[in-house]
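# Breakdown of the fold
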Amino acid sequence: MRAFVFTDKALERYAGRFVWLAVDTENAKNAAFLTKYPIPALPTLLVLDPRKESVALRYVGGATVPQLSKILDDGERSFRGRTSSSADTLLASADKLAGEGKSDEAIALYAQALARAPKNWKLFNRAAESYAVALSLAGKSPQCADVARDLYPRLKGTASGANVAATGLDCALGLDEKDPKRPALVSLLEKAARESFDDPKVAAAMSGDDRSGLYMTLIGARADAKDEAAAQRLTQEWSSFLDAEAARAKTPEQRSVYDPHRLSAYLELKTPEKAIPMLEQTERDFPDDYNPPARLALAYKAMKQYDQALAASDRALQHVYGPRKITVLRARADIYAEKGDKESAKKTIAEAVAYAKSLPTGQRNERTIASLEKKLAGM
Amino acid sequence: MKRLTLALTLLALAATAQAKETVPFIENDYATALSRARAKNLPIFVEAWAPW
């Protein structure tokens, strides 16, 4: 959003109506904020009421300029107490509870808000998206898939419909293979996601990276169906789409937004070497950013050029900070392991454990520590 | 598709931080944002993000 949205002049009219806060979740300075307002995925957008230090609106996911404008209008209305129906109030309460990390209570209120939605309710789309995403994040895959199936017909032809269909499809694909409801849910939600994908109006309303996310979900569904030919075709199409989007970028920031997607596509197509010039260019453009060398390490590892991979990993470690350093260390351990240097792999995971334990509350993650310790014990 | 999912978990999206913004963001300072918002009776918009 920093590259495409917050630079847009259309947002100038909102500048004096909010205090704007950017929270880098990797920065230890934000640990107390993250304890108070748990952030389940990135980006997450919040409108806060400073009088009560509570969440007036919460949206998990990125937004285009028109989507963000609506979020800002709705958030301002919620902050000023200008709700006009019981469904509005229920949605605001659901967002508040979700913002406090009380996901079960929030899910119940999202359901109630939608059940009481007046005809042509202006907040229906956002409420539906938040409900499906909350279920998905809470790991309630069966309910998430059912809800997406039920809500999609009312959202068809919108970016919200694409989001709900894709979220529901990911949930359906995550269902137990033996679940008798799985095949019908996967089939119906794949059709819905594909319909959204093929709708030019929906495509125009989505950001390039959201469309990339839709590609990934659809590729996942074809692979799940063991339709390797279609999965391969779609992956090729995805890669070409990303290359074209990157070529259209007006700034290095915009172009680099597509780097992780393009690398994923190249890795999937077994052409990691295509990522090297792209990532080297981004590393030159943003010499203090750890991402380009961290991604170069993954590309070189896939090419089995382990010394190049470790050199890139060294450069990434010079700049990385926060919980993300654990990911870089894990990747480094994998490079050592593939190279056959078991001792260095073990030492790197031990370093990751010590680092993970040193993070402050709000950034420290007990599940991450447990998983690293388990990995270390097995080495 | 497990491999794709894993790769994407590792590589999840975000933009780099150097773009020129139209709105005046306070970076990583909730206390300042809170006191400014209280003084002006304005809501706080938060973008929670990470450089990865």
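Residues numbered from 1 in each chain as written. Chains lettered and ligands numbered in written order. Predicted model: local features only at pLDDT ≥ 70, side-chain atom pairs only at ≥ 80, totals over all residues.

## Focus on the overall build of chain B
From N to C terminus, chain B includes two helices and two strands. Buried positions account for 37% of the 52 residues belonging to chain B. (Helix = DSSP H or I, 4+ residues; strand = E, 2+ residues; numbered from the N terminus. Buried ≥ 20, exposed ≤ 12 C-beta atoms within 10 Å, placed from the backbone.)

## Topic: helix H13 (residues 259–268) of chain A
All names here are of chain A. For H13, the buried fraction is high: ten of the ten residues fall into the buried class. Restricting attention to buried positions, one finds in H13 the residues Asp259, Pro260, His261, Arg262, Leu263, Ser264, Ala265, Tyr266, Leu267 and Glu268. Looking one or two places after H13, you find Lys270, whose phi comes out positive at around 60 degrees.

## Examining the interface of chain A and chain B
Tallying the contact residues gives 63 residues for chain A and 40 residues for chain B. Residues that form the side of chain A that touches chain B fall into these classes: 32 nonpolar, 13 polar and 18 charged. One ladder, built from six bridges, connects strand S1 (residues 19–24) of chain A with strand S2 (residues 44–49) of chain B; its direction is parallel. Bridge pairing links Val23 of chain A to Ala48 of chain B in S2 of chain B. (Contact = placed C-beta atoms within 7 Å. Nonpolar A, V, L, I, M, F, W, Y, C, P; charged D, E, K, R; others polar. Pairing = 2+ DSSP bridges.)

## A short note on the pairing of S2 of chain B
Counting buried residues along S2 of chain B, six of its six residues qualify, which places the element largely inside the surrounding structure. Alternating positions in S2 of chain B separate into two faces, Ile44, Val46 and Ala48 of chain B on one and Phe45, Glu47 and Trp49 of chain B on the other, with burial throughout. Note: strand S2 (residues 44–49) of chain A against S2 of chain B, five bridges, orientation antiparallel. Looking across to S2 of chain B, one finds that Leu48 of chain A is bridged to Ile44 of chain B.

## What to know about the sheet that holds strand S1 (residues 25–27) of chain B
Pairing within the open sheet is mixed, and its five strands lie in the order S3(A)-S2(A)-S2(B)-S1(A)-S1(B). Edge positions in the sheet fall to strand S3 (54–60) of chain A together with S1 of chain B, since each of these pairs with one other strand and no more. Within the sheet, the average angular offset between the axes of one strand and its neighbour, ignoring direction, is 25 degrees. (Axes fitted to C-alpha atoms, helices over the stretch in contact; angles between N-to-C directions.)

## Brief notes about the confidence of the model for chain B
All names here are of chain B. Model confidence for chain B is summarised by a mean pLDDT of 74, while 60% of its residues fall at 70 or above. A low-confidence stretch, residues 5–19 (pLDDT under 50), is modelled with 40 contacts involving residues beyond four sequence positions or located in other chains. As a predicted assembly, this complex carries a pTM of 0.88 together with an ipTM value of 0.88. (pLDDT = per-residue confidence, 0-100.)

## Overview of unusual backbone geometry
Residues and elements named next belong to chain A. A cis amide bond links Leu42 with the next residue in sequence, Pro43, at an omega value of -10 degrees. Turning to its location among the elements, Pro43 is positioned in the loop between helix H1 (31–36) and S2. In this model, Glu53 sits at a positive phi of 50 degrees, which is unusual for a non-glycine residue. Here Glu53 is to be found in the loop between S2 and S3. Owing to 13 C-beta atoms within 10 Å, Glu53 belongs among the partly exposed residues under this scheme. Residues other than glycine seldom take positive phi values, yet Lys304 does so here, at roughly 65 degrees. Its place among the elements puts Lys304 in the loop between helix H15 (291–302) and helix H16 (306–319). Take Lys304: there are 11 C-beta atoms within 10 Å of it, and that puts it in the exposed class.

## Let's talk about H16 of chain A
All names here are of chain A. The end-to-end C-alpha distance of H16 is 20 Å, a good match for the 20 Å that 14 residues give at a rise of 1.5 Å each. When we look at burial in H16, the residues that qualify are Ala309, Ala312, Ser313 and Ala316. End-on view of H16: buried residues confined to an arc of 105 degrees, all on one side of the axis. Across from the buried face of H16, at angles greater than 90 degrees, the exposed residues are Asp307, Asp314 and Gln318. Check the buried side of H16 and you find it contacts H15 and helix H17 (324–339). (Expected span 1.5 Å × (residues − 1). Arc of directions from axis to C-beta.)

## Some words on the packing of H17 of chain A against helix H18 (residues 342–358) of chain A
Residues and elements named next belong to chain A. Contact geometry of H17 with H18 gives a least axis separation of 7 Å together with a crossing angle of 170 degrees. Taken as axis vectors, H17 and H18 run roughly antiparallel relative to one another. Mapping the contact onto sequence places Lys325, Ile326, Leu329, Arg330, Arg332, Ala333, Tyr336 and Ala337 in H17 and Lys342, Ser344, Ala345, Thr348, Ile349, Glu351, Ala352, Tyr355 and Ala356 in H18. Considered class by class, the residues forming the contact of H17 with H18 number ten nonpolar, two polar and five charged. (Parallel < 35°, antiparallel > 145°, perpendicular 65-115°, else oblique.)

## Concerning the environment of Arg332 of chain A
All names here are of chain A. Assignment of secondary structure puts Arg332 in helix H17. Take Arg332: there are 26 C-beta atoms within 10 Å of it, and that puts it in the buried class. Here the alpha-carbon distance between Arg332 and Asp314, two residues 18 residues apart in the chain, equals 8.9 Å. Once you skip the residues sitting within four places of it in the chain, Arg332 turns out to touch Ser313 and Thr348.

## Describing the pairing of S2 of chain A
Residues and elements named next belong to chain A. Counting buried residues in S2 gives six out of six residues, a clear majority hidden from the surface. Going residue by residue along S2, you find Thr44, Leu46 and Leu48 tucked away on one face and Leu45, Val47 and Asp49 tucked away on the opposite face as well. Pairing of S2 with S3, which is carried by six bridges, proceeds in the antiparallel orientation. Bridging across to S3, Val47 finds its partner in Leu57. Between S2 and S3, which pair antiparallel and follow one another directly, the connecting turn spans four residues, one of which, Glu53, has a positive phi of 50 degrees.

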